[in-house]
Amino acid sequence: MNENELFQAALGLLPPWLVSRCTFSESAARLDIHLDFPRGGVFPCPVCAVFCKAYDTDELTWRHLNFFQHQAFLHARTPRVQCSRCGVHRVPVPWARPDSGFTLLFEALVMMLAKSTPVLAVARPVNEHDTLVWRIVTHYVDAARAKADHSTVTQVGVDETSIQEDRHRPRA
Ligand SMILES: [Zn+2]
């Protein structure tokens, strides 16, 4: 297994995606993994799921989990497909959500840290600006809120009100 195959397996990439090359710079403390797909690779149309050939591509980059103490980045020419029924659409990549500069695994790490740590304190060890960390946290909190179902809630308690209530309660 060469290094490309190793990273391909570690990233869990499925065809047509593959690792085309990796560059590691000790002085820059970073690993860059370049992803690609073979010429003629087909992708499902994001609207109707019919497989189409790549129409054109955009070079995109995502911050990934660190490689030991080194920052790691994924780069890929991400395709758009031209579906005869649905028109031209960018194909979603399996390792990141659309318009995020981070991989899903990096975002999962941020969300795990943010459960117990203020966002500013999460930003420091992952070496990102806190506004970018907020963007990740806000996305997942909004998504969770949108899914929450409060239709069976019949009572709501608010702490400060409860304290007030306690004051008026006769002491035992
Ligand atoms: Zn389509």
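Up top is the structure.
### Topic: the overall build of the protein
Now for step 1: A count of helices and strands for the protein gives five helices and six strands.
Now for step 2: Walking the protein from its N terminus toward its C terminus, one meets helices and strands in the order α-β-β-β-β-β-β-α-α-α-α.
Now for step 3: Over its C-alpha atoms the protein spans a radius of gyration of 23 Å, topping by over 25% the 16 Å that the globule rule assigns to 172 residues.
Now for step 4: Once the C-alpha set of the protein is aligned to its principal axes, its extents read approximately 80 × 50 × 25 Å.
Now for step 5: Counting only residues that meet the buried cut, the protein has 28% of its 172 residues in that class.
Now for step 6: A sequence separation of at least 24 residues applies to 47% of the contacts in the protein between residues at least 6 apart.

### Concerning the pattern of salt bridges
Now for step 1: Under the definition given, this model contains six salt bridges.
Now for step 2: Linking Arg80 and Asp56 is a salt bridge whose minimum nitrogen-to-oxygen distance equals 2.8 Å. Of the two residues, Arg80 is situated in strand S5 (residues 70-83) and Asp56 in strand S4 (residues 51-67); the sequence distance between them amounts to 24 residues.
Now for step 3: Its relative accessible area of 29% is what places Asp56 among the partly exposed residues.
Now for step 4: Glu107 is paired through a salt bridge with Arg97; the nearest N and O atoms lie 3.0 Å apart. Residue Glu107 is found in helix H2 (residues 104-114), and its partner Arg97 is found in the loop between strand S6 (87-90) and H2; the two are separated by 10 residues along the sequence.

### Some details on the coordination of the zinc ion
Now for step 1: The zinc ion binds to the protein through Cys45 (SG), Cys48 (SG), Cys83 (SG) and Cys86 (SG); the donor distances cover 2.3 Å.
Now for step 2: Each of the four donor atoms around the zinc ion contributes to a set of angles spanning 106 to 115°, which defines the coordination as tetrahedral.
Now for step 3: One chain supplies every donor for the zinc ion, spaced along it as C-x2-C-x34-C-x2-C. Taken together, the positions of Cys48 in the loop between strand S3 (42-44) and S4 and Cys83 in strand S5 put the pair 35 residues apart, joining distant regions of the chain.
Now for step 4: Residue Cys48 is classed as partly exposed on the basis of its relative accessible area, which comes to 25%.
Now for step 5: Owing to a relative accessible area of 5%, Cys83 belongs among the buried residues under this scheme.

### Here's the deal with the pairing of S5
Now for step 1: By the criterion of burial, S5 is predominantly enclosed, with 11 of the 14 residues buried.
Now for step 2: Sheet analysis places strand S2 (residues 30-36) next to S5, joined by six bridges and oriented parallel. Bridge pairing in S5 places Leu35 opposite Ala76.
Now for step 3: Examined bridge by bridge, S4 and S5 share 11 bridges and lie antiparallel to one another. What sits directly across from Trp62, in S5, is Leu74.
Now for step 4: Between S4 and S5, which pair antiparallel in sequence order, lie two residues; one of them, Phe68, sits at a positive phi of approximately 50°.

What counts, and at which threshold
- Residues numbered from 1 in each chain as written.
- Predicted model: local features only at pLDDT ≥ 70, side-chain atom pairs only at ≥ 80, totals over all residues.
- Heavy atoms only, no water.
- Helix = DSSP H or I, 4+ residues; strand = E, 2+ residues; numbered from the N terminus.
- Rg over C-alpha atoms; globule rule 2.2 N^0.38 Å.
- Buried < 20%, exposed > 50% of the residue type's maximum accessible area, 1.4 Å probe, protein only.
- Contact = heavy atoms within 4.5 Å.
- Salt bridge = Lys/Arg side-chain N within 4 Å of Asp/Glu carboxyl O.
- Donors = N, O, S within 2.8 Å, 3.2 Å for Na, K, Ca; no water.
- Tetrahedral: all angles 85-135°; square planar, octahedral: opposite > 155°, others 65-115°.
- Pairing = 2+ DSSP bridges.

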